[in-house]
Amino acid sequence: MFFTYLRRELRRRRKAALVISMGLALGIGLVLTVTSVSAGMKNAQSTVLHSLYGLGTDITVTKSAAAGAGGGAQKFGIQQSGSGSKSSSADRLSVNQGTATMASSTVTQVASQSNVEAAVGSLLLNDFKFDGSFKLKSGTSSTSTGTGQGGGQQGGEGGGQGGTPPSGAANFSLNTLTIMGTDTSNITVGPLSSLKITSGVNFTSAQSNSLVAVVDSSYATQKKLKVGSTVTISGKAFKVIGIATASSGTSAANVYIPLTQAQTLADMKNKVTTVYVKASSSQQISAVKTAITKNVSGTTVTTASDLASTVSGSLSTAANLVTSMGKWLSLAVLAAAFLISSLLTSSAVNRRVREFGTLKALGWRSKRVIGQVMGEALVNGLIGGVLGIALGLAGAAAITAFSPTLSASTASSTASQGGPGGGGGPGQAASAAAKAIEVHLTAPVTLSAIAVAVALAVAGGLVAGGFGGWRASRLRPADALRRVE
Amino acid sequence: MYRLSGVTKHYSRGKETVRALDGIDLEIPDGGQLVIQGPTGGGKSTLLQMLGGLDRPTGGTVELAGHDLGAIGEAKLTKVRAELIGFVFQSFNLIPTLSAQENVETALVPMGIAKEERHKRAFAALESVGLGERSNHVPSELSGGQQQRVAIARALVKEPKVLLADEPTGNLDEETRDEIMELLHGLWRERGLTFIMVTHDTAIAGRAPRLATIRAGKVTVSENADAQVWAG
Ligand SMILES: Nc1ncnc2c1ncn2[C@@H]1O[C@H](COP(=O)(O)OP(=O)(O)O)[C@@H](O)[C@H]1O
Ligand SMILES: [Mg+2]
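Note that the structure is a prediction, hence the values are computed from the model and not measured. Counting restarts for each chain: residues are numbered from 1 in the order of the written sequence. Chain letters start at A and ligand numbers start at 1, both assigned in the order the entries are written. This being a predicted model, a pLDDT of at least 70 is required before a residue's local features are given, and a value of 80 or more before pairs of side-chain atoms are given or counted; all residues contribute to the totals for chains, interfaces and linings. In computing side-chain values, all of the structure's heavy atoms are included and hydrogens and water are not.

(A) Looking closely at the overall build of chain B. For the purposes of this entry, the term helix denotes a DSSP run of H or I that reaches at least four residues, the term strand denotes a run of E that reaches at least two, and both are numbered from the N terminus. Along the backbone of chain B there are seven helices and 10 strands. Whether a residue is buried, partly exposed or exposed follows from its accessible area with a 1.4 Å probe, protein chains only, as a fraction of its type maximum: under 20%, in between, or over 50%, in that order. When burial is assessed residue by residue, chain B has 57% of its 232 residues classed as buried. Contact definition: two residues touch when any of their heavy atoms are within 4.5 Å. Counting only contacts in chain B whose residues sit at least 6 apart along the sequence, the fraction spanning at least 24 positions is 68%. Taken as a whole, chain B presents about 9700 Å² of accessible surface, with 46% of it coming from carbon and sulfur. What sets the accessible areas is the Shrake-Rupley method with a 1.4 Å probe; for residues, cover comes only from the shown protein chains.

Written out as structure tokens, the structure is:
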């Protein structure tokens with residue numbers, strides 16, 4: 001009888017059932033859409049973080065220099081003396097301003113912490129390359145005025161600044177180039193993990209001290225480099241074995257070379273600027289962070305979620321909107337949907353006072369009547385759940401189809417932000433340039449989100465049924481004689 | 001056997017207390033018939049509720065087949081209603097979404113009767129009130145008289161000891177009223193049940209062999225041996 005009665009009620013009072021279901025459906029649909037949008041936001045954020053810090057990297061360990069130290073204006077060993085023409089070229093390799101190096105032993109120390117799966121060190125260098133020629137005139141000339149000419153043709157991250165020689169004419173350029181010395185033995189963690197080789201090959205562990213390089217594709221295009229070409233750094237020729245793009249957006253450096261080579265070139269034996277850490281599981285990240293902070297003193301430990309807060313732009317604005325407003329909005333709508341369906345269910349019971357009173361007069365136990373009301377509410381909830389999932393899928397699909405573009409920007413490519421360092425000097429133009437990355441927002445609907453929607457539908461049905469059932473339980477058999485309707 | 005002694009029922013409305021029943025003593029033998037009449041608000045429906053175990057008296061005892069309906073527990077009272085008492089209401093009180101057949105079956109649900117048996121008995125009951133062909137119709141597809149016949153089938157399908165009817169013809173025209181009265185009397189005679197009916201229809205009251213009149217919560221019973229009882 002339970003199912004017959006249930007079926008008859010739902011079929012013959014279809015409209016009332018649909019109204020209750022639609023309320024729940026709206027709430028559930030919104031929750032599902034917001035859940036999938038925030039999952040999409042998370043994906044977008046991790047895309048951004050991965051492209052910046054490496055796919056396999058959970059934590060970075062850096063050391064920041066005391067403000068004002070470490071940076072400072074660079075001096076070039078170029079002297080102007082005498083007259084005539086002079087040609088000059090110089091490389092200067094240095095770490096980022098505000099960054100201090102750490103001993104390579106830090107890598108082993110970090111790796112020995114519990115729950116650390118892997119730790120690799122890298123040395124990020126800025127290479128200021130000066131090329132220029134001067135023509136100096138002795139004596140004075142009233143007709144010719146010397147002008148300095150900047151040579152900032154590099155574009156991208158390069159920057160140049162022309163000097164103004166006292167008199168005469170100068171023609172020189174200043175190239176800046178970022179070089180990442182990386183551990184070639186583990187390409188799954190650290191800067192190499194976010195690279196996608198588009199031509200050539202990646203490093204192998206045998207190349208830990210070879211004169212080979214992987215070049216970022218946009219830099220390669222700019223400098224017309226191909227696999228097999230050479231790049232010269234501080235007078236040493238490196239053979240290009242691979243061209244790579246960052247999985248998304250901009251890569252962390254222009255040229256990647258084996259760590260040992262970088263250390264030798266920069267005269268920084270056994271020094272690293274960043275330790276990239278992979279935790280044994282994502283649940284362990286904060287524990288690992290705590291352990292490193294405690295046991296490896298003087299370092300700055302940054303997790304991906306710390307980094308997320310340094311990401312700005314429309315992505316983070318949207319992510320904040322979704323996590324704060326979207327969550328509250330959908331909770332509010334859901335609560336309203338629960339409340340409305342509860343009120344509708346109990347008002348439906350009120351309209352059926354005589355019906356339920358009659359059943360009680362016929363000897364139906366209260367439990368059976370409550371069960372009937374609960375059953376109807378539960379089915380309404382499930383119908384609402386199905387409609388809600390359909391609405392949610394439609395909403396998510398619409399967002400994915402529309403695929404709005406979000407941009408994310410970070411202050412620096414490295415985890416260490418330090419102070420602004422010493423002012424002045426062409427070093428300002430280093431890789432500290434802000435990076436903007438564009439990602440497309442999708443709204444993936446996960447199975448667990450659907451499970452949540454089903455659970456909400458059941459919960460909504462039970463809450464509404466609870467209200468209605470409570471109302472029905474208070475009816476007396478004498479209500480069969482009540483004059484209602 | 002119904003035995004009522006000193007039955008009172010008080011309703012409180014705000015500060016006021018309504019004495020709907022004010023000391024009722026009454027005996028109704030098994031297989032007997034009683035028609036209850038009286039002015040509106042006199043307490044007829046209240047008395048019927050006490051007899052049917054739909055509500056409990058404020059004072060006194062209502063005894064049916066050894067049960068004190070005012071004192072037994074809720075579960076027991078529900079069982080008494082399910083097994084011993086059949087109800088017919090003025091406005092039929094059929095479940096609007098269920099067919100005639102299913103409506104009749106609702107009376108068998110609390111008895112835990114298997115589906116097959118329930119079907120068979122419900123259909124037989126509908127046939128006995130002349131509605132065998134209408135078993136699949138919902139109430140809104142039936143006339144008032146037909147709906148009341150379904151309600152009578154529902155009351156009798158479980159073969160109760162008592163049939164209680166509160167103004168069963170109150171919503172029917174005169175011709176239909178006579179049909180229903182004849183049907184009820186026929187069933188009463190045939191089945192040997194106790195039949196208690198409330199009415200404010202003087203034509204019906206005039207044809208009752210035993211008539212209780214309730215006024216302001218008090219009852220007086222009169223016998224009329226010459227009453228021209230209903231055929232059927
Ligand atoms: N549930 C109730 N609450 C308050 N007063 C009630 C209730 N039921 C009946 N009454 C009152 O009790 C009196 C008797 O009512 P009732 O038995 O329905 O009379 P009748 O059926 O003879 O018209 C009336 O005054 C009525 O207003
Ligand atoms: Mg009445």
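On we go.
(B) How the structure looks around the pairing of strand β1 (residues 59-62) of chain A. All names here are of chain A. Neither face of β1 is left uncovered, since the one carrying I59 and V61 and the one carrying T60 and T62 both have all their residues buried. For two strands to be treated as a pair, DSSP must find at least two bridges joining them. Bridge count between β1 and strand β12 (residues 274-279): four bridges; the pairing is antiparallel. From the neighbouring strand, I59 faces β12, where its bridge partner is V277. By the bridge criterion, four bridges tie β1 to strand β13 (residues 300-303) in an arrangement that is antiparallel.

(C) Main features of unusual backbone geometry. All names here are of chain B. Positive phi outside glycine occurs at A65, with the angle close to 50°. In this structure, A65 sits in the loop between β4 (59-64) and β5 (67-68). Its identity is not glycine, yet F92 carries a phi of approximately 65°, on the positive side. The topology assignment puts F92 in the loop between β6 (85-88) and α3 (100-106).

(D) Local environment of the side chain of A:T299. Topologically, A:T299 is positioned in the loop between α6 (285-295) and β13. Each residue touching A:T299, except ones within four places of it in the same chain, is listed here: A:V61, A:T62 and A:M102.

(E) Highlighting the confidence of the model for chain B. Per-residue confidence from the predictor is reported as pLDDT, a score between 0 and 100. Averaged over all residues, the pLDDT of chain B equals 94, while 100% of them reach at least 70. For this predicted complex, the interface confidence comes out at an ipTM of 0.96, alongside a pTM of 0.69.

(F) Region of interest: the packing of aromatic side chains. The rule is short: rings of Phe, Tyr and Trp, with Trp giving its six-membered ring, pair when the centres are within 6.5 Å, and they are stacked under 30 degrees, edge-to-face over 60, tilted in between. All told, the structure shown has three aromatic pairs over all chains when counted by the stated rule. Here the aromatic rings of A:F2 and A:F3 are separated by 4.9 Å at their centres, their planes lie at 85°, and the arrangement is edge-to-face. The exposure class of A:F2 is partly exposed, given its relative accessible area of 33%. Residues B:F87 and B:F89 carry aromatic rings whose centres are separated by 5.6 Å and whose planes lie at 10° to one another, so their mutual orientation is stacked. Overall, the relative accessible area of 3% leaves B:F87 in the buried class.

(G) Just the packing of helix α8 (residues 314-351) of chain A against helix α11 (residues 447-473) of chain A, in detail. Residue and element names in this part refer to chain A. All axes are obtained by fitting lines to C-alpha atoms, using only the stretch in contact for helices, and the reported angles, taken between N-to-C directions, cover 0 to 180 degrees. Interhelical geometry of α8 versus α11 gives an angle of 35° and a closest axis separation of 8 Å. Relative to α11, α8 is oriented so that their crossing is right-handed. From α8, L334, F338, S341, S342, T345, S346, V349 and N350 reach across to α11, where they touch L456, A459, G460, V463, A464, F467, G468, R471 and A472. For the contact of α8 with α11, the class distribution of residues is nine nonpolar, seven polar and one charged. Each crossing gets its hand from how the near helix is turned against the far one by less than a right angle, where anticlockwise is left-handed and clockwise is right-handed. Each residue receives one of three labels: charged for Asp, Glu, Lys and Arg, nonpolar for Ala, Val, Leu, Ile, Met, Phe, Trp, Tyr, Cys and Pro, and polar for the others, Gly being one of them.

(H) Quick peek at the sheet that holds β4(B). Residue and element names in this part refer to chain B. Across the sheet, four strands lie side by side as β2-β1-β4-β5; this open sheet has antiparallel pairing. Each edge of the open sheet carries a strand with a single partner, namely β2 (16-28) and β5. Here strand β1 (residues 2-13) pairs with β2 via 10 bridges, running antiparallel. Among the inter-strand pairings, R13 is bridged to a residue of β2, identified as E16.

(I) A look at the site of ligand 1. Residue and element names in this part refer to chain B. The environment of ligand 1 is formed by Y11, R13, V18, A20, P39, T40, G41, G42, G43, K44, S45 and T46. Residues adjacent in sequence count toward polar contacts only when both atoms are side-chain atoms; beyond that, a polar contact is any pair of N or O atoms within 3.5 Å, and within protein one must be able to donate a hydrogen and the other to accept it. Residue T46 places a side-chain N or O atom 2.5 Å away from an oxygen atom belonging to ligand 1. About the coverage of ligand 1: the protein hides 68% of its 560 Å² of free accessible area. For the shell around ligand 1, the elements supplying multiple residues, two or more each, are β1, β2 and α1 (44-52). No other element matches the three residues that α1 contributes to the shell around ligand 1. A molecule or strand has a residue near it when one of that residue's heavy atoms lies within 4 Å.

(J) Quick look at the interface of chain B and chain A. In this complex, chain B contributes 27 residues to the contact, which on the side of chain A involves 24 residues. In the sections that follow, a salt bridge refers to a side-chain nitrogen of Lys or Arg positioned within 4 Å of a carboxyl oxygen of Asp or Glu. Taken together, the links from chain B to chain A amount to two salt bridges. Residue B:E102 is joined to A:R8 by a salt bridge in which the shortest nitrogen-to-oxygen separation is 2.6 Å. The interface formed by chain B and chain A contains 10 residue pairs in polar contact (both at pLDDT 80 or more). Of all the elements in the fold, those that place two or more residues in the side of chain B that touches chain A are α2 (74-84) and α3 of chain B. Of all the elements, α2(B) adds the most residues to the side of chain B that touches chain A, at four residues. By residue class, the composition of the side of chain B that touches chain A is 11 nonpolar, eight polar and eight charged.

(K) Spatial organisation of the pattern of salt bridges. By the definition in use, this model includes 20 salt bridges over all chains. A salt bridge links B:E179 to B:R149, with the shortest nitrogen-to-oxygen separation between them at 3.2 Å. Residue B:E179 is located in helix α6 (residues 174-191), and its partner B:R149 is located in helix α5 (residues 144-156); the two are separated by 30 residues in the primary sequence. Given the relative accessible area of 37%, B:E179 is considered partly exposed. Overall, B:R149 belongs to the buried group, its relative accessible area being 18%. When salt bridges that share partners are traced, they join A:E9, A:R13, A:R352, A:E355 and A:E376 into one network.

(L) The arrangement of the sheet that holds strand β10 (residues 218-223) of chain B in detail. Residue and element names in this part refer to chain B. Read across the open sheet, the six strands follow the order β6-β7-β8-β3-β9-β10; overall the sheet is mixed. Taken across any chain shown, the strands that pair with only one partner, and hence form the sheet edges, are β6 and β10. Across this sheet, the average inter-strand angle for adjacent strands is 20°, counted without regard to direction. Helix-sheet contacts for α1 involve β3 (33-37), β6, β7 (162-166), β8 (194-198) and β9 (210-215), and the interaxial angle to β7 is about 155°.

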